[in-house]
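Structural features, examined
One letter stands for each residue in the lines below.
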Amino acid sequence: MANIIPTAAPPKHLDLDYKTKEIRILILLPSYFHDPISCTLSRANLEEQPQYDALSYVWGDPRICRTIYVDDSVKNVTVNLFAALRRLRAKSHTRPRRLWIDALCIDQENNQEKSHQVSIIGSIYRTISADISLAWRLYR
């Protein structure tokens, strides 16, 4: 049975300031490969040069999902994103990993926020740690 991705917005305390280059960063908490995926969200201003990596991936079928936990809330994500998070966490299971992932860091139900984030997308990718972005594609 397929899960449908809920349209839950990020917590209100994480509303973004559209007058600045503010983004949300997903903190992927350390654990082992088969453990549940747990994350938190935090805000960051790009002008302060926060440390994070950006994950670029093919979203996949939105009807086929897996569960993760973000700030103690259950979120359904596509199989592709779930697999990427699981692999990224396994490679650094002793320390948190700071990531910018469009599907989780942008409120996909808020058109004003999506427009703002698209307007600063160049800065989002220029600010990433070590000038690299992570690419992920699940091949079947």
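Before reading further, recall that the structure is shown in the block above.
Along each chain, residue indices are assigned from 1 in the same order as the chain's sequence is written. Only residues with pLDDT of at least 70 get local features here, since the model is predicted, and only at 80 or more are side-chain atom pairs given and counted; chain-wide, interface and lining totals rely on the full set of residues. For the side-chain quantities, the full set of heavy atoms in the structure was used; hydrogens and water were omitted.

So, about the nonpolar core. The biggest cluster of nonpolar side chains holds 32 residues, and the ones touching the most others in it are Ile-23, Leu-26, Ile-68 and Leu-85. Apart from residues no more than four positions distant in its own chain, Leu-26 is found in contact with Cys-39, Thr-40, Leu-41, Val-70, Leu-85, Arg-97, Arg-98, Leu-99, Ile-101, Leu-104 and Cys-105. We call a set of buried Ala, Val, Leu, Ile, Met, Phe, Trp, Tyr and Cys residues a nonpolar core when their side-chain atoms join them within 4.5 Å. Classification of residues uses two cut-offs on accessible area relative to the type maximum, computed with a 1.4 Å probe and protein chains only: under 20% is buried, over 50% is exposed, and between them is partly exposed. Two residues form a contact once any of their heavy atoms are found within 4.5 Å.

Here we take up the pairing of strand S2 (residues 38–45). Two strands qualify as a pair provided DSSP detects at least 2 bridges between them. Helix and strand definitions follow DSSP, with helices as H or I runs of at least four residues and strands as E runs of at least two, each counted in order from the N terminus. Two elements, strand S1 (residues 22–28) and S2, share seven bridges in a ladder whose sense is antiparallel. Residue pairing for S2: Arg-24 is matched across the bridge by Arg-43.

With that out of the way, let us pick up helix H3 (residues 111–119). Taken residue by residue, H3 has Glu-113, His-116 and Gln-117 as its buried positions. Projected down its long axis, H3 shows its buried positions confined to an angular sector of 95°, all on one face. With respect to the buried face of H3, the exposed residues turned more than 90 degrees away are Asn-111, Val-118 and Ser-119. Those residues of H3 that are buried are in contact with S1, strand S6 (97–100), helix H2 (102–105) and helix H4 (121–126). At the N-terminal boundary of H3, the capping side chain belongs to Asn-110, with an oxygen 3.0 Å from the backbone nitrogen of Gln-112. Here the arc refers to the set of directions running from the helix axis out to each C-beta atom. Residues adjacent in sequence count toward polar contacts only when both atoms are side-chain atoms; beyond that, a polar contact is any pair of N or O atoms within 3.5 Å, and within protein one must be able to donate a hydrogen and the other to accept it.

A large share of strand S3 (residues 53–57) lies buried, amounting to four of its five residues. As paired strands, S3 and S6 are joined by two bridges and run parallel to one another. Residue Ala-54 lies in a different strand from S6, and its bridge partner there is Trp-100.

This part takes up the pattern of salt bridges. Opposite charge on two side chains allows them to pair when their charged atoms are near. Basic side-chain nitrogens of Lys or Arg form a salt bridge, by our definition, when they fall within 4 Å of a carboxyl oxygen of Asp or Glu. Tallying each qualifying case throughout the model produces three salt bridges. Two residues, Arg-24 and Glu-113, come together in a salt bridge whose shortest N-O distance is 2.5 Å. A residue pair is termed long-range when its members are at least 10 positions apart, and Arg-24 in strand S1 and Glu-113 in helix H3 qualify at 89 residues. Note on accessibility: Arg-24 and Glu-113 belong to one class, buried. Two residues, Asp-53 and Arg-97, come together in a salt bridge whose shortest N-O distance is 3.7 Å. Of this pair, Asp-53 sits in strand S3 while Arg-97 sits in strand S6; the two residues are 44 residues apart in sequence, bridging distant segments of the chain. Taken as a pair, Asp-53 and Arg-97 share a single burial class, namely buried.

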